[in-house]
Amino acid sequence: MEILFNFAGLSAQPFLIRAFIASGLCAISCAIVGVWVFFFKIPFVALTMAHAAFAGAVIGIFFGLNPVVSAVVFCLAAAFFIAPLAQKGNFSANASTSIIFSFMLGLAFLFMALIQENRALALSLMWGSPLTVSVRDIYFIAACAAAVLTFLVVFNKGIIAVIFSRDLAKASGIAEKPIFYALIILCALSVSVNISGIGGLLIYSLITIPTATAYQFSQKIKPMYFLSALFALAACWLGLLASYIFNLPTGASVVLMACLIFFISLCFAKNNNHYK
């Protein structure tokens with residue numbers, strides 16, 4: 001990290017160090033979750049969680065609560081409702097996700113209109129500002145990254161089995177439903193705890209784009225974990241540097257950097273468009 005600062009001609013100021021640590025941890029957790037979302041073909045879940053986090057944060061601000069805590073609560077609530085709603089209504093998880101998405105989006109805009117004070121804070125949570133993250137925020141982000149990595153290591157075989165086929169995993173005695181629910185819950189946590197850094201409406205891009213970039217180079221799940229994390233880390237740190245040097249919105253800079261890396265990857269990758 002010191003080399004990166006020296007290369008950019010920056011001094012290792014405390015707020016910059018906190019921003020790089022927070023964005024790096026965010027990149028790791030979002031990249032792993034992104035691989036799960038990609039192979040389950042449920043990218044809309046990540047978008048729904050992003051809006052649930054933003055809605056929870058805005059409602060928290062309205063009632064004078066900690067916006068990050070309220071974002072986590074709303075994300076977890078959305079995660080717990082997706083699968084039961086799909087079963088109750090007898091339709092796919094994507095259909096139930098669209099309903100939760102619409103509900104959370106409505107709540108977010110409603111309370112944004114009701115907020116008289118602290119509207120600037122609500123807008124900052126929409127776009128993100130890693131340069132203002134606190135040590136406490138880093139603890140939350142680190143705990144989430146640790147939970148994602150621990151779950152990956154402990155349940156790796158079960159995750160692969162469930163991704164391949166939930167029906168076959170269930171027939172093999174694997175607890176496919178708890179694993180699937182846990183993946184959605186970890187997606188919710190990854191989105192909500194990073195709302196202050198990347199932003200409630202932009203974190204979705206950090207989950208989906210680095211994974212799509214990784215897929216251009218490998219269609220095997222294990223290499224994709226590493227490549228997705230690498231591309232997400234590059235997008236976060238380069239975007240953070242660009243925002244600081246050129247005085248640009250940080251969340252937008254990170255997302256645009258992720259898009260740039262993706263388009264560059266299309267020029268060099270040779271994707272066979274099928275799983276190897």
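Rules used throughout
Residues numbered from 1 in each chain as written. Predicted model: local features only at pLDDT ≥ 70, side-chain atom pairs only at ≥ 80, totals over all residues. Heavy atoms only, no water. Helix = DSSP H or I, 4+ residues; strand = E, 2+ residues; numbered from the N terminus. Buried < 20%, exposed > 50% of the residue type's maximum accessible area, 1.4 Å probe, protein only. Contact = heavy atoms within 4.5 Å. Disulfide = S-S within 2.5 Å. Expected span 1.5 Å × (residues − 1). Phe/Tyr/Trp six-rings, centres within 6.5 Å; stacked < 30°, edge-to-face > 60°. Axes fitted to C-alpha atoms, helices over the stretch in contact; angles between N-to-C directions. Parallel < 35°, antiparallel > 145°, perpendicular 65-115°, else oblique. Left-handed = near helix turned anticlockwise from the far one by under 90°. 1 Å grid on protein atoms, 1.4 Å probe; cavity = no way out; pocket = protein on both sides within 12 Å on 5 of 7 lines; lining within 4 Å. Points joined across faces, edges and corners; volume = space filled by probe spheres on them. Nonpolar A, V, L, I, M, F, W, Y, C, P; charged D, E, K, R; others polar. Core = buried A, V, L, I, M, F, W, Y, C linked by side-chain atoms within 4.5 Å.

Participant: Teacher, can you tell me more about the side chain of Thr211 here?
Facilitator: In this fold, Thr211 is placed in helix 11 (residues 203-215). According to the relative accessible area criterion, Thr211 is buried, its value standing at 1%. The contact partners of Thr211, leaving out residues within four places of it in the chain, are Ala31, Gly34, Val35, Phe38, Met224 and Ser228.

Participant: Explain the state of the cysteines to me, please; I cannot follow it from the model alone.
Facilitator: In a disulfide, the sulfur atoms of two cysteines are covalently bonded to one another. Taken as a whole and judged by the stated rule, the model has zero disulfides. Unpaired in terms of disulfides, Cys75 finds its nearest cysteine sulfur in Cys187, a separation of 7.9 Å. The exposure class assigned to Cys75 is buried, which follows from its relative accessible area of 0%.

Participant: How should I be thinking about helix 11 in this particular structure?
Facilitator: Structural remark: α-helix, 3.6 residues per turn; residues separated by three or four positions point the same way. Spanning 13 residues, helix 11 covers 19 Å between terminal C-alpha atoms, matching the ideal 18 Å at 1.5 Å per step. Within helix 11, 11 of the 13 residues are buried, which leaves it mostly tucked inside the rest of the structure. For helix 11, the set of buried residues is Ile203, Ser205, Leu206, Ile207, Thr208, Ile209, Pro210, Thr211, Thr213, Ala214 and Tyr215. Elements that come into contact with the buried residues of helix 11 comprise helix 2 (14-40), helix 3 (43-62), helix 10 (176-193), helix 12 (221-246) and helix 13 (250-268).

Participant: Sorry if this is basic, but what is going on with the packing of aromatic side chains here?
Facilitator: A ring pair, where both rings are aromatic, is described by two values, the distance of the centres and the angle of the planes. One pass over the structure, following the stated rule, counts 13 aromatic pairs. For the ring pair Phe20 and Trp237, a centre distance of 5.8 Å and an interplane angle of 55° mean the geometry is tilted. Linking Phe20 in helix 2 with Trp237 in helix 12, this pair joins segments that are 217 residues apart in sequence. With relative accessibility at 0%, the residue Phe20 sits in the buried group. Note on Trp237: relative accessible area 23%, which makes it partly exposed. An angle of 35° between the planes, with centres 4.9 Å apart, marks the rings of Phe151 and Phe155 as tilted. Of the residues examined, Phe151 reaches a relative accessible area of 12% and is grouped as buried.

Participant: Could you clarify how one ought to interpret the packing of helix 2 against helix 8 (residues 156-164) in this entry?
Facilitator: If you want to describe how two helices pack, look at the angle between their axes and the distance between the axes. Direction vectors running N to C along helix 2 and helix 8 enclose 25°, while the axes themselves pass 9 Å from each other. Between helix 2 and helix 8, the crossing angle belongs to the class labelled roughly parallel. In this structure, the crossing between helix 2 and helix 8 has a hand that is right-handed. Of the residues in helix 8, those touching helix 2 at Trp36, Phe39 and Phe40 are Ile159, Val162 and Ile163.

Participant: Looking at this structure, how should I read empty space enclosed by the protein?
Facilitator: Rolling a probe over the atoms, with the probe sized like a water molecule, indicates the empty space that remains. Under the defined criterion, the tally for this structure stands at two cavities of 30 Å³ or more. When its volume is computed, the largest cavity comes out at roughly 60 Å³. Taken together, Trp36, Val37, Phe40, Ile42, Val45, Leu183, Ile184 and Cys187 form the lining of the largest cavity. The set of elements that each furnish at least two residues to the lining of the largest cavity consists of helix 2 and helix 10. Classifying every residue of the lining of the largest cavity gives eight nonpolar, no polar and no charged. Estimates place the volume of the second largest cavity at around 40 Å³. Across the lining of the second largest cavity, the residue classes break down as six nonpolar, three polar and no charged.

Participant: I would appreciate a short explanation of the nonpolar core in the present structure.
Facilitator: Grouped burial of nonpolar side chains is what soluble globular proteins tend to show. Counting residues in each nonpolar core, the largest one holds 82 residues, and the members touching the most others are Trp36, Met49, Ile159 and Leu206. For this core, the leading source of residues is helix 3, giving 12 residues. Those residues in contact with Ile159 that sit more than four places away from it in its chain are Trp36, Phe151, Leu152, Ile179, Leu183 and Tyr225. With five residues, the next largest nonpolar core counts Leu16, Ala19, Phe20 and Leu241 among its residues.

Honestly, that's just the spatial picture; any functional story needs more than this.
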